[in-house]
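Below are the chains, spelled out letter by letter.
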Amino acid sequence: GSLIMLSGRRFNPASYKGTPLANLLPVDLKSTTLSTGASKNSRPFQPVLTEAGRNSVILSLEGDEKANLTRWAGFPPIYWAADVENAKPAAEVLLARETDASGNPAKIPVIALQRYGTGEVLFIGTDNFWRWRKKTGDEFHTVFWGQVVQRMAGRRLAVGDRKADLKADKRTAIPGERVTV
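Residues numbered from 1 in each chain as written. Predicted model: local features only at pLDDT ≥ 70, side-chain atom pairs only at ≥ 80, totals over all residues. Heavy atoms only, no water.

Participant: Mind laying out the pairing of strand E7 (residues 119-124), listing which residues take part and the relevant values?
Facilitator: Across the 6 residues of E7, 6 count as buried, placing the element largely inside the fold. Side chains Gly-119, Val-121 and Phe-123 project from E7 onto one buried face, and the interleaved Glu-120, Leu-122 and Ile-124 project onto a second face that is buried too. Bridging between strand E1 (residues 2-6) and E7 involves 5 bridges; their strand directions are parallel. Residue Leu-3 lies in a different strand from E7, and its bridge partner there is Val-121. Summarising the sheet, strand E6 (residues 109-116) and E7 pair through 6 bridges and their orientation is antiparallel. If you follow Tyr-116 over to E7, its bridge partner there is Gly-119. Counting the residues between successive antiparallel strands, the hairpin from E6 to E7 contains 2 residues, one of them, Gly-117, with a positive phi of roughly 60 degrees. (Buried < 20%, exposed > 50% of the residue type's maximum accessible area, 1.4 Å probe, protein only. Helix = DSSP H or I, 4+ residues; strand = E, 2+ residues; numbered from the N terminus. Pairing = 2+ DSSP bridges.)

Below you can see the structure in the form of C-alpha cells.
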C-alpha cells in the first residue's frame with residue numbers, strides 16, 4: 001500500500017516523533033521540533049524543484065520542462081512548512097526549501113518520496129498549496145492533487161482487485177491451444 005503524510009501546523013508530523021510511524025517517513029524529524037511542528041523562525045519561501053522533482057509525474061504541472069519550472073517559480077510563496085532535519089538516505093526529495101529557517105543554504109525537504117516494504121510513502125511538508133488558487137483558480141491545485149493520488153494509488157489500480165482478478169494457466173498460447181482461465 002501507500003501512505004501520504006500531509007503536514008499541518010497542529011502536531012503533524014511533530015507528534016509522530018519517536019513512534020513507529022516516524023520510521024515510515026522519508027524525512028528525519030528534528031528533535032527540537034516544537035509541539036506544533038513549526039520552526040520558530042518561519043519565513044515565507046519559494047520552494048524549488050529538485051532534479052528528481054523535475055522528472056516526477058507528481059510535480060509536472062505543465063506540458064514541457066521549461067514551462068513547468070516557470071510555473072513552479074511563479075506560485076505564491078509557502079508561509080509554513082514542517083520543520084524537518086533532512087531526507088533519509090533512500091528518499092527522493094522532489095521539492096525543497098532553498099534555505100533553512102535561519103536563512104542558511106540548505107535542501108530541506110518539502111516533498112519527499114520513499115519506498116517502504118512493497119509500498120511507498122509520500123511526505124508533503126506543507127499545507128500551503130491552497131495558495132496556488134490565488135491567480136489561477138483551482139487549475140493547478142486540482143492537477144497536483146490528482147497526480148498525487150494517481151501516482152500513489154497507481155500500482156494498486158494497475159494490479160486490480162483480487163476479487164475480480166483473471167489469471168490464465170499459461171502466459172502465452174498458440175491458436176487452438178487449450179488454456180484455463
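Participant: Any details on the environment of Ala-73? Residues and values, ideally.
Facilitator: Relative to the elements of secondary structure, Ala-73 occurs in helix H3 (residues 65-74). With 26 residues separating them along the chain, Ala-73 and Pro-47 place their C-alpha atoms 7.9 Å apart.

Participant: Help me get a handle on the sheet that holds strand E3 (residues 48-49), residues and values and all.
Facilitator: With mixed pairing, 5 strands are arranged side by side in an open sheet as E1-E7-E6-E5-E3. The sheet terminates laterally at E1 and E3, the two strands that pair on one side only.

Participant: I'd love a proper account of the confidence of the model for the protein chain, names of residues and values included.
Facilitator: Mean pLDDT over the protein chain works out to 82, with 82% of the residues at or above the 70 mark. Of all the helices and strands in the protein chain, helix H4 (residues 133-136) carries the lowest mean pLDDT, 77, while strand E5 (residues 92-96) carries the highest, 94. (pLDDT = per-residue confidence, 0-100.)

Participant: How would you sum up the nonpolar core? Please name residues and give values.
Facilitator: Residues Leu-59, Ile-111, Leu-122 and Phe-144 are the most contacted members of the largest nonpolar core, which totals 22 residues. Once you skip the residues sitting within four places of it in the chain, Leu-122 turns out to touch Leu-3, Ile-4, Met-5, Ile-58, Leu-94, Ile-111, Ala-112, Leu-113, Val-148 and Met-152. Listed in part, the 12 residues of the second largest apolar core include Leu-25, Leu-29, Ala-82 and Val-84. (Core = buried A, V, L, I, M, F, W, Y, C linked by side-chain atoms within 4.5 Å. Contact = heavy atoms within 4.5 Å.)

Participant: Break down the pattern of salt bridges for me, citing the residues and quoting the values.
Facilitator: Summed over all chains, the structure comprises 5 salt bridges. Between Glu-65 and Arg-54 there is a salt bridge, and its shortest N-O distance comes to 3.7 Å. Separated by 11 residues along the polypeptide, Glu-65 in helix H3 and Arg-54 in helix H2 (residues 51-54) bring together distant segments of the chain. For the salt bridge of Arg-133 with Asp-138, the shortest nitrogen-to-oxygen distance reads 2.8 Å. For Arg-133, a relative accessible area of 39% corresponds to the partly exposed category. The structure contains a network of salt bridges with shared partners spanning Arg-115, Glu-120 and Arg-151. (Salt bridge = Lys/Arg side-chain N within 4 Å of Asp/Glu carboxyl O.)

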